[in-house]
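# Structural overview
Chain by chain, the residues run as shown.
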Amino acid sequence: MEEKEFDLEQMEKETEEMLRINMLTPENAKFTRTAGGFVSLETGGEKYPRVQVVRMFPFTDPGHFISIRTTEERSKEIGIIEDMSSLDADTRKMLEEQLNLRYFTPVITKIINVKDEYGYAYFDVMTDRGECRFTIHMGGSDVVHLTETRIIISDLDENRFEIPDVTKLSATERKKIDLFL
Amino acid sequence: MNENNLNEAPKKEEPRVPKAIRQIVSEKGAENERIVAAAATDMNEACQYADGFIVLTEKHLFVFAAESESREPRNFKGYLSIKDMERERDFDWKCTVFENDSIKKLKIEPQVAISLLIMEDENGIERVACVFSNLHRRKMHKFVREFDRLPGREEKFPEGEEGAPGKEKHKLPIGGHGPGGPRGFGGHGGPGGPENEEDEYCPICGMMYPNKDRKVCPRCIDRKTIFVRTFKYFARYKALMALMVLMYLLVALLNLVWPYLNGTVLYDYVLTKNEDFLLSVGIKNGDFVLALFFVILTMFMARLMGQLLTILQGVFTARIVSRVVCDMKKDIFNVMGKLSISFFKSRQTGSLMTRVLSDAERVAGFFIDQVPYIFIHAFTLITTFAVMFKINWKMALVALVLEPIAFIFSFYIRPRFWNAFGKRHRAERSINSQVNDNLTGARVVKAFGQEENEENRFVGTNKRLKDAEMSIVGLENYNTLVFSFAHGGAGILIWALGAFFILGRHTMALGVLITFTGYVSQLDGPMRFASWIFRAWADSMNAAQRMFEIIDAVPEVTEAENPVPLEKVEGSIELKNVTFGYEVNRPVLKNINLTIPAGSMLGIVGRSGAGKTTLVNLISRMYDPEEGSILIDGIDIKELAFRDLRRNVAMVSQETYIFMGTVEENIAYANSSATKQEIIRAAKLASAHEFIMRLPDGYNTVVGASGRELSGGERQRISIARAILADPKILILDEATASVDTETERAIQTSINYLVKGRTTISIAHRLSTLRDADFLCVLDNGEITERGTHEELKDLKGTYFKLMELQTKALALRE
Ligand SMILES: Nc1ncnc2c1ncn2[C@@H]1O[C@H](COP(=O)(O)OP(=O)(O)O)[C@@H](O)[C@H]1O
Ligand SMILES: [Mg+2]
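What you see is a predicted model, and the numbers here were worked out from it, not measured in a lab. (Residues numbered from 1 in each chain as written. Chains lettered and ligands numbered in written order. Predicted model: local features only at pLDDT ≥ 70, side-chain atom pairs only at ≥ 80, totals over all residues. Heavy atoms only, no water.)

## Some remarks on the pairing of strand E11 (residues 151–154) of chain A
A regular strand places its side chains on the two faces of the sheet in alternate fashion. Residues and elements named next belong to chain A. Side chains of E11 alternate between two faces, with Ile151 and Ile153 and Ile152 and Ser154 buried alike. From the end of strand E10 (residues 143–145) to the start of E11, which pair antiparallel, there are five residues. Judged from the four bridges that link them, E11 and strand E12 (residues 160–163) form a sheet pairing that is antiparallel. Opposite isoleucine 153, over in E12, you have phenylalanine 161 as the bridge partner. Hairpin connection between E11 and E12: a loop of five residues separates the two successive antiparallel strands, and glutamate 158 in this loop has a positive phi of roughly 70°. (Buried < 20%, exposed > 50% of the residue type's maximum accessible area, 1.4 Å probe, protein only. Helix = DSSP H or I, 4+ residues; strand = E, 2+ residues; numbered from the N terminus. Pairing = 2+ DSSP bridges.)

Quick look at the structure:
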């Protein structure tokens, strides 16, 4: 029980740890693939059997500022990768796989049909993952404009779909989603 | 399939599993095992949509993945039909089998928009078992819970063996069920239970309802019913409506007579001195001056009558409209009062305001300004045409020929109007919420010097509204243009043809032509009306639809139909296996068990975001738990009447609510029959009396929205006084002293000490000193109770509570 006595210094160290920004570079961090297909990390003399890879600016700067975190629910940041392109190809691929799973969002390439009925809008669209049919609620804020031309649509279950550039859609397609632009 | 296990105890119903899957499960050696849980999945690790299935039997876990990628469209909620659920999935299944005993842990890790089911084996290696979209998350969570409840699992893989000192391993002094406690709990079939699955689909089209609590299928409800429902609001004012329609008809009749008087009678009979006509109206001696006088008098009277009737009709209209709008708004507010908080959270408040204020008016306006005219104009149209045909069928045909073109055109552009109105509504809503934001946040905007930015933001939103309005106006112009063209064209043709008949053939009198053109211009009204009735229809049905969406909204928290009466309340509270999350994917409270004996005080500590407020919100039924139940005096709170519950549970919360009114009214909020003396006593006990007396108008000072501003601490003290006056059996203090200074806190503490006597109290506080008098304490972390016991017990435990305590005493020591 003695070692559990309250230690103010220890706490202050923890706090300091929390406030520090730890940059990960190829020199100080080694990522490896785990047997289960995840990614593990060795840095600063510590080994993390599995880490989470999270973007800080998923929309505006997906390739920079990647936070590497522990996997508990209340996860802690281990460090930050400032630039993905500074990594070697292998590591980058490994981390990108994790990012792809995390940020899975089908990209809408074609609008087949949109019908608006009694407070809900029914979408039938072609995406880069095949045809998808989903429904959104008109009353909420399910269509989010990231920029003037880029929109994210969340359906009733909060599945996400993206239109990266509405101006790339044909005029008839744009007309179908006119209501949301 | 070998299913005749007769000697097994009464079987629980097995989850539905496609035959092909069942077959493989049997072939792989689990034919004698009951299927405990099953769920479909829809993705693979390569981030593609692909069918999958996962089945849990008593001893094994089967993960199925379709070998070939399916090219079928993916149907998400709203498109998913009952057939999709019952469909046999004949893929080439790739099946991986795991022994349940080799799996240390099964957990769901939510990603941004999808989730992973992660399996940890005995060696601590984690791998992805399957990937699924949010469509399946509810069933998957259920699947994992079933897995955790398999017999024998908790002994083999006890929870929290990672050695966190906080994990619950010691004796539980206040209630709670230890490991292996009763599992499963009857009653309300958890969400998504197989027994009520069919109820989630529309019986007509088989599609899943977008909102399972509100059994309305947006596809199958048609717009006619919206019309009929709106009409019902008017049915209450039958007499007034009848009078109004009568006025309309009289005006129409007068209008019909007018061209005849003005044309044939005036020109052809009177001015051409037709003797027969004079005799037929009883004027002798060929007194044409008298006849002229009478004709003009009649014409004058007809006009006068017309005007009078129009005024009267306006009066009736105003009367009906205001009553109907009032009825509609009453309905909307009634429903809004009953709706649970989550309804409001999911919609912008600005949007609600536009709806309530303008939609009802729009709808009622349509019914009054347009609907009667449909009949009137139809009446005018038909009779006018009949008369025209009788006068000269050739010319009538010419007049008729161009009109339908315009009519068809406006019918055709109707959907564009519908869209434009929806768009305008959205823009209006954004403007409203932005203005709302800026008004409530005016101080922040100024403090950060953001006026200009806000203005720019506003300009952007405003432009959207302008664009929407412009597109409506554009469509209107387009529409009007076509109509004017058709109508004007018809008029010119008539004149030309008439001139030809009169001058060329001498087959027509001038008066007849004037009568005729009079009738043609009589068509002007109905035609103009027809040109924009479709637009008005789109506008009003668009608004009506939004209105009914609110009126139909089903509160997520509903009162029991036959509530159990609560006579004499003891005040004991029990939480049984309570699990709750605002979003299905992220449980905020996980399997909470807690018993609070009547009259005792429970203190809850935990970092911010741990779920403390959520826990007490469940007790006052702001939300219902997803799983488990909450009992007061052994009665499930779902069985209680709201009135009984609210009367017995009072909350002083972090977010104080001061409504517009006097201090006195604010304190007496929960007990309007309180005497002045009682109010003063409550204020004194809440240490509010002194500051109230320093206000210029004392207890009559108007506070709230547009009244006097109060400080955070002052507001809090008023809400404490309110709770004291409500005199509830159960008192909840959610950081009740968070925004007051230390001195005031001491004062309030004394009043709280008085207040808690004889009540069951739950007190949430950051400052542990506030919880000195608690009989029991518990530490909530990440939605779980990690420590519980008396102050002494927790101190000895040397966990989170101890850490917090030391920190606070040291901090105090440093300061003093
Ligand atoms: N209305 C809500 N909708 C969605 N999430 C919410 C809502 N209210 C609270 N939360 C989330 O639930 C968690 C617990 O919140 P809360 O019970 O208020 O914590 P505490 O009172 O312990 O500080 C937090 O992560 C918070 O973000
Ligand atoms: Mg809170």
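## Description of the confidence of the model for chain A
Confidence along chain A averages 85 in pLDDT terms, with 93% of residues attaining 70 or more. Mean pLDDT across the elements of chain A bottoms out in helix H1 (residues 8–19) of chain A (71) and peaks in E12(A) (93). (pLDDT = per-residue confidence, 0-100.)

## A few points about unusual backbone geometry
Even without being glycine, Glu158(A) reaches a positive phi, approximately 70°. Mapped onto the elements of the fold, Glu158(A) is located in the loop between E11 and E12. Relative accessible area serves as the criterion here: at 38%, Glu158(A) is assigned to the partly exposed category. Within the chain, Asp633(B) stands out as a residue other than glycine whose phi angle is a positive 50°. Considering the arrangement of structural elements, one finds Asp633(B) in the loop between strand E12 (627–632) and strand E13 (635–636). A relative accessible area of 22% places Asp633(B) in the partly exposed class.

## A short note on the pattern of salt bridges
Tallying each qualifying case throughout the model produces 25 salt bridges over all chains. Measuring nitrogen to oxygen at the nearest pair gives 3.8 Å for the salt bridge that ties Arg424(B) to Glu469(B). Taken together, the residues span a long stretch of sequence, with Arg424(B) in helix H14 (residues 414–440) and Glu469(B) in helix H16 (residues 451–505) at a distance of 45 residues. On the basis of relative accessible area, Glu469(B) is assigned to the partly exposed category, the value being 31%. Each of Arg50(A), Lys107(B), Glu109(B) and Glu126(B) takes part in one network of salt bridges that share partners. (Salt bridge = Lys/Arg side-chain N within 4 Å of Asp/Glu carboxyl O.)

## Details of the site of ligand 1
Residue and element names in this part refer to chain B. Close contacts around ligand 1 come from 13 residues, with Gly609, Gly611, Lys612, Thr613 and Thr614 the closest. In this structure, an oxygen atom belonging to ligand 1 sits 3.2 Å away from a main-chain N or O atom of alanine 610. The side chain of threonine 614 places a nitrogen or oxygen atom 2.4 Å from an oxygen atom of ligand 1. Protein burial of ligand 1: of its 560 Å² of free accessible surface, 63% is covered by the chains. With three residues, the single largest contributor to the shell around ligand 1 is helix H19 (residues 612–619). (Near = heavy atom within 4 Å. Polar contact = N/O pair within 3.5 Å; in protein donor to acceptor, adjacent residues only side chain to side chain. Areas by Shrake-Rupley, 256 points an atom, 1.4 Å probe, with all protein chains shown as cover.)

## Quick look at the sheet that holds strand E10 (residues 589–596) of chain B
All names here are of chain B. Ordered in space as E10-E9-E12-E13, the four strands form an open sheet in which the pairing is antiparallel. A single partner strand is all that each edge strand has here, and the edge strands are E10 and E13. Of the pairings in the sheet, the one linking strand E9 (residues 573–580) to E12 comprises five bridges and is antiparallel in character. By the bridge assignment, leucine 575 is partnered in E12 with isoleucine 630. Strand contacts of H19: E9, E10 and E12, with the helix running at about 120° to E9, the strand carrying the most contacts. (Contact = heavy atoms within 4.5 Å. Axes fitted to C-alpha atoms, helices over the stretch in contact; angles between N-to-C directions.)

## With respect to the nonpolar core
Residue and element names in this part refer to chain B. Membership of the largest hydrophobic core comes to 48 residues, with the highest contact counts inside it found for Phe234, Ile320, Val324 and Phe548. Of all the secondary structure elements, the ones that give two or more residues to this core are helix H5 (223–235), helix H6 (238–271), helix H8 (288–338), helix H10 (349–369), helix H11 (371–391), H14, H16 and helix H18 (524–552). By residue number, the principal contributor to this core is H18, which donates 12 residues. Leaving out residues up to four positions away in the same chain, isoleucine 320 has contacts with Phe234, Leu240, Met241, Met244 and Ile368. Counting residues in each nonpolar core, the second largest holds 44 residues, with Ile679, Leu731, Tyr801 and Phe802 among its members. (Core = buried A, V, L, I, M, F, W, Y, C linked by side-chain atoms within 4.5 Å.)

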